Amino acid sequence: MEYDVVVVGAGPAGLSAAMRLKTLDPNISVVVVEKGSTVGAHILSGAVIDPIGLDRLTPDWRTDAECPLKTSVSEDRFYFMTGTGSVKLPNWPMPRLMDNHGNFVGSLGAVARWLGSRAESLGVEIYPGFAATELLFGDKGEVVGIATGDMGVGRDGLPKANFSRGMELRGKYVLLAEGARGSLSKQAIARYKLEATRGPQKYGIGLKELWQVTPDRFSQGVVLHTFGWPLTRGSTGGSFLYQYDDRLVSVGFVVHLNYENPTLSPFDEFQRFKTHPLVRETLTGGKRLCYGARAIASGGWQSVPKLAFPGGALIGCAAGFVNFARIKGSHNAILSGILAADKVHEALSAGRANDELIAYEAAWRASDIGADLYKVRNVKPLWSRFGLVAGIGLGALDMWTNELFKMSVFGTLKHSRPDSQTLKPISEVIPIVYPKPDGVISFDKSSSVFVSNTNHEEDQPVHLRLADPNIPIRDNLPSYGEPARLYCPAGVYEVVYADEARRTDPRFVINAQNCVHCKTCDIKDPAQNITWTPPEAGGGPNYSDM
Ligand SMILES: Cc1cc2nc3c(=O)[nH]c(=O)nc-3n(C[C@H](O)[C@H](O)[C@H](O)COP(=O)(O)OP(=O)(O)OC[C@H]3O[C@@H](n4cnc5c(N)ncnc54)[C@H](O)[C@@H]3O)c2cc1C
Ligand code: SF4
């Protein structure tokens, strides 16, 4: 099928690009493919949303009764947590950009669904339940489209009775809007060496639950962030707790994936965090509605790869446009969709096709996205170098000098190693022991995956591909205790012994049907041996408004 523009991913970035193109010229044909069974089914975010993107894309959103973003931030609270207590930090020394007043709290999945219906009413074709699995190339090596995956292939790789071939969607330009660590984006970055002159991308893993709490424990519009406990030396991150709509509480925890201790389990850190009195106070008596996890790009300004390649471009979190200090990226995803669409429109109007969108590449650093990321460029490197407490203090100071004097005493600090290279051997660390979940506030992985509504066709090839199947047991197990068992938030990876008591004949097991598509294994595996590929389309979580 031939289109002017093919967009991969119906998140805020992809949908904004599609809407902007149709607004600029209704005759441009635009298609969006989405691997989730519906638009929003694979989207997980906080979310406190800076309205700058929506205001520019679709200025009437505030008066549209269908727009799901109705709660404005009423109060910002920051806490430093210790194991038993917490210290509330005053708001006045906080850099201005950390102030959430004027922002809105809601579900980004619901916002994407609403944007999707607006895009369709503008004439955009959206195909949920179709994963883009391949980039298609022309004679000169340029991208000329994408192919969606075959359906009905068995675990043995052979076609089943219901086999149907994937489709080729060809376009004059392809916009990759797959979010953090996109599978086609990863291929484009490698093929066109888009990271060659940039720092490595850095990531966190964000775990989130959606709760409905009792009326007496609910404070509409309150936004709470914490740092400190339960993370210990060698790991950094923080939490969020946002209250909105009908007694909904979005509670989440982000662990930076440059942590060192291979016995750390981000899932269990999150569960432990919820048992702190500060959080328990809100959740007690409430009901957990949904669970999920997703990687979040955190390298910022220094790690944004070259965005344009022949025939296409990266937008949104596929490009790493997250302001990590603010834990916000949805506004930049929308802004980058708009910016890329403007440049695609210029190119199409000039009769161009399948070339490099140099103007998009040239424009982003001078745009609002660049201004947003530049101010916080040293925050993450300072956290990594100086640890949580000193790093956060220095990071705040740096944000102030950037705001007031448009400069930093640190210049632009580099990120160090990629996240896959930061683990220490298991022999050099003190193993972390986690408390058992109570089933009321804290839960185990299997009951959590259950409420993510994850579903995959079981008779299909394993979508988590190992370059060398021997590495997990031969290398990762003795060196790191096979950390995939712990960093995977869905219990996909297990080491099973023939004799559990004597630990003989270990075997690496992949329960691919549990995968919530967070992409952490693709990022953190110390041997870079795991590649996440899209499973049969429509498979994965079915998040309800995450
Ligand atoms: C825990 C957490 C908390 C966050 N909190 C906030 C917050 O409070 N405020 C904020 O502004 N931002 C927040 N963010 C960041 C925000 O979620 C992202 O910046 C935003 O989602 C990026 O939008 P996107 O469109 O680029 O990607 P995504 O929202 O990730 O959307 C990508 C879409 O592409 C689809 N897709 C991917 N690959 C393919 C493929 N090959 N074929 C077909 N479809 C594909 C996915 O299924 C998905 O629907 C948070 C992120 C996390 C993880
Ligand atoms: S298998 Fe990988 S992508 Fe899937 S949930 Fe586990 S860590 Fe995330």
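Small disclaimer: the values here were computed from a predicted structure and weren't measured. (Residues numbered from 1 in each chain as written. Chains lettered and ligands numbered in written order. Predicted model: local features only at pLDDT ≥ 70, side-chain atom pairs only at ≥ 80, totals over all residues. Heavy atoms only, no water.)

(A) Representation of the sheet that holds strand β5 (residues 75–81) in the model. Read across the sheet, seven strands follow the order β6-β5-β15-β16-β17-β14-β18 without closing on themselves; strand pairing throughout is mixed. Because the sheet does not close on itself, it has two edges, and the strands there are β6 (86–89) and β18 (287–297). Here the strands of the sheet are splayed against their neighbours by 20° on average, with no regard to which way each runs. Here strand β15 (residues 222–228) pairs with strand β16 (residues 237–244) via four bridges, running antiparallel. Paired with His 225 across the strands is Phe 240, a residue of β16. (Pairing = 2+ DSSP bridges. Helix = DSSP H or I, 4+ residues; strand = E, 2+ residues; numbered from the N terminus. Axes fitted to C-alpha atoms, helices over the stretch in contact; angles between N-to-C directions.)

(B) Focus on the packing of aromatic side chains. Counted under the stated rule, the structure contains twelve aromatic pairs. Taking the centre distance of 5.6 Å and the plane angle of 10° together, the rings of Tyr 493 and Phe 508 count as stacked. Here the residue Tyr 493 occupies a position in strand β22 (residues 493–499), and Phe 508 occupies one in strand β23 (residues 504–510), the gap between them amounting to 15 residues. By relative accessible area, Phe 508 is classed as buried at 16%. By way of ring pairs, the aromatic residues Trp 301, Phe 321, Trp 364 and Tyr 374 are connected into one cluster. Above the face of the Phe 137 ring, Arg 191 is positioned so that its terminal group lies 3.6 Å from the ring centre. (Phe/Tyr/Trp six-rings, centres within 6.5 Å; stacked < 30°, edge-to-face > 60°. Buried < 20%, exposed > 50% of the residue type's maximum accessible area, 1.4 Å probe, protein only. Lys NZ or Arg CZ within 6 Å of the ring centre and 35° of its normal.)

(C) Layout of the site of ligand 1. Close to ligand 1 lie 36 residues, the nearest being Glu 34, Ser 45, Val 48, Cys 317 and Ser 330. Separating an oxygen atom of ligand 1 from a backbone N or O atom of Ala 13 is a distance of 2.9 Å. Gly 329 places a polar main-chain atom, nitrogen or oxygen, 3.0 Å from a nitrogen atom of ligand 1. Starting from 990 Å² of accessible surface for ligand 1 in isolation, the protein chains cover 98%. Where the shell around ligand 1 is concerned, the elements lending two or more residues are α1 (12–24), β2 (30–34), β16, β18 and α7 (330–349). Grouping the amino acids of the shell around ligand 1 by side-chain chemistry returns 20 nonpolar, eleven polar and five charged. (Near = heavy atom within 4 Å. Polar contact = N/O pair within 3.5 Å; in protein donor to acceptor, adjacent residues only side chain to side chain. Areas by Shrake-Rupley, 256 points an atom, 1.4 Å probe, with all protein chains shown as cover. Nonpolar A, V, L, I, M, F, W, Y, C, P; charged D, E, K, R; others polar.)

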